[in-house]
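Here's the letter readout for the chains.
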Amino acid sequence: FVGDEVGFRYSRRKLAEDAFAERRADEFTGRRGEVFVGERSEPVRFEVVEADTLTPAIAKGDNQFRDRTRAASQLQIQKIASDLQFGRLADSPTMTDGAPTLSRDGQIIGGNGRVAAVRKAYEDGTAGDYRMQLEARAGEFGASADQVKGMKAPVLVRKFENAVDVRQTAIL
């Protein structure tokens, strides 16, 4: 009886490990964090996604209150892309810093410029250090280096766990 119970627990654990291993890297959801929206804290989950699945809003809209078509904005994006620093694009309690912040449905709420810069860095071939740091520190965010290595252009993001008002949240 005891042997059967041990075998059963092993089988369940093995099935769970196999199911986890079969998950695609772009579907991986990692550890929890928090981001302040105004004065309140909202729970987020870190995820590593492919850069081409993120579409930054460049023109003003519900999720973009800045005009990213201006020359100054484009210069800022170019500057970030040419010296992409993982430490500035990782964990932060605010949406104005750290990994880009997404709504539950994947819309960028905070970090349209940062996403544009990361995508440009991958296009220009200047994302090597960012990628290397993301691989090395993946465990801090609930991912693994192998998951990151299996991706074409990985980006660390934070996704709100609760529904938020995109327009209001982007302004705060």
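This one's a predicted model, so the numbers in the text were calculated from it and none came from an experiment.

### Considering the nonpolar core
Grouped together as the largest cluster of nonpolar side chains are 32 residues, with contacts concentrated most on Leu54, Tyr122, Tyr130, Val155 and Leu156. Only strand S2 (40-50), helix H2 (71-82), helix H3 (112-124), helix H4 (128-137) and strand S5 (154-160) provide two or more residues apiece to this core. When residues in this core are grouped by element, the largest group, six residues, is from H3. Discounting residues that sit within four places of it in the chain, Val155 has contacts with Glu47, Val48, Val49, Ala51, Leu54, Val118, Tyr122, Tyr130 and Leu134. Counting eight residues, the second-largest nonpolar core is a separate cluster that includes Val37, Met95, Phe160 and Val166.

### Focus: H4
Three or more residues of H4 are buried, namely Tyr130, Arg131, Leu134 and Glu135. On an axial view of H4, the arc spanned by its buried residues comes to 130 degrees, and they lie on one face. Facing away from the buried side of H4 by more than 90 degrees, the exposed set consists of Asp129 and Ala136.

### Examining the packing of aromatic side chains
Any two aromatic rings considered together are summarised by their centre-to-centre distance and by the angle between their planes. Applying the stated rule across the entire model yields four aromatic pairs. Ring centres 5.5 Å apart and planes at 55 degrees place the aromatic pair Phe86 and Tyr130 in the tilted group. Here the residue Phe86 occupies a position in the loop between H2 and strand S3 (101-102), and Tyr130 occupies one in helix H4, the gap between them amounting to 44 residues. Each member of the pair Phe86 and Tyr130 is classed as buried. An angle of 75 degrees between the planes, with centres 6.1 Å apart, marks the rings of Phe86 and Phe141 as edge-to-face. Here Phe141 lies in the loop between H4 and helix H5 (145-149) and Phe86 lies in the loop between H2 and S3, a separation of 55 residues in the sequence. Of the aromatic side chains, those joined through ring pairs into one cluster are Phe46, Phe86, Tyr122, Tyr130 and Phe141.

### Examining the pairing of S5
Taken across its seven residues, S5 has seven buried, putting it largely inside the fold. What you see with S5 is no split at all: Pro154, Leu156, Arg158 and Phe160 on one side and Val155, Val157 and Lys159 on the other are buried throughout. Bridge count between S2 and S5: seven bridges; the pairing is antiparallel. From the neighbouring strand, Val44 faces S5, where its bridge partner is Phe160. With two bridges joining them, S3 and S5 adopt parallel strand pairing. Bridged to Thr101 within S5 is Arg158.

### What to know about the packing of H2 against H3
Where H2 meets H3, the closest approach of the two axes is 8 Å, and the angle between their N-to-C directions is 55 degrees. In terms of orientation, H2 and H3 fall into the oblique class. With respect to the hand of their crossing, H2 and H3 are arranged in right-handed fashion. Contact residues: Ile77, Gln78, Ile80 and Ala81 in H2; Gly113, Ala116, Ala117, Lys120, Ala121 and Asp124 in H3. Taken together, the residues of the contact of H2 with H3 sort by class into six nonpolar, two polar and two charged.

What counts, and where the lines are drawn
The written sequence of each chain sets the order in which its residues are numbered from 1. This being a predicted model, a pLDDT of at least 70 is required before a residue's local features are given, and a value of 80 or more before pairs of side-chain atoms are given or counted; all residues contribute to the totals for chains, interfaces and linings. To get the side-chain values, all heavy atoms of the structure are used, and hydrogens and water are removed first. The nonpolar core is taken to be a set of buried Ala, Val, Leu, Ile, Met, Phe, Trp, Tyr and Cys residues, with the residues joined through side-chain atoms within 4.5 Å. Only protein chains enter the accessibility calculation, which uses a 1.4 Å probe; a residue is then buried when its area is under 20% of its type maximum, exposed when over 50%, and partly exposed in between. What counts as a helix is a DSSP run of H or I of at least four residues, what counts as a strand is a run of E of at least two, and both are numbered from the N terminus. In what follows, a contact means two residues having at least one pair of non-hydrogen atoms within 4.5 Å. For this quantity, the arc is that covered by the directions from the helix axis to the C-beta atoms. Between rings of Phe, Tyr and Trp, where Trp is taken as its six-membered ring, a pair exists when centres lie within 6.5 Å; planes separated by under 30 degrees are stacked, by over 60 edge-to-face, and by other angles tilted. In this analysis, strands are considered paired if DSSP registers two or more bridges between them. Between N-to-C directions, angles span 0 to 180 degrees; the directions come from axes that are lines fitted to C-alpha atoms, helices contributing only their stretch in contact. Just so you know how the angles are binned, under 35 degrees is roughly parallel, over 145 roughly antiparallel, 65 to 115 roughly perpendicular, and the rest oblique. Two helices crossing with the near one rotated counterclockwise from the far one by less than a right angle form a left-handed crossing, whereas a clockwise rotation gives a right-handed crossing. Residue classes follow a fixed rule: Ala, Val, Leu, Ile, Met, Phe, Trp, Tyr, Cys and Pro count as nonpolar, while Asp, Glu, Lys and Arg count as charged, and any other residue, Gly among them, counts as polar.

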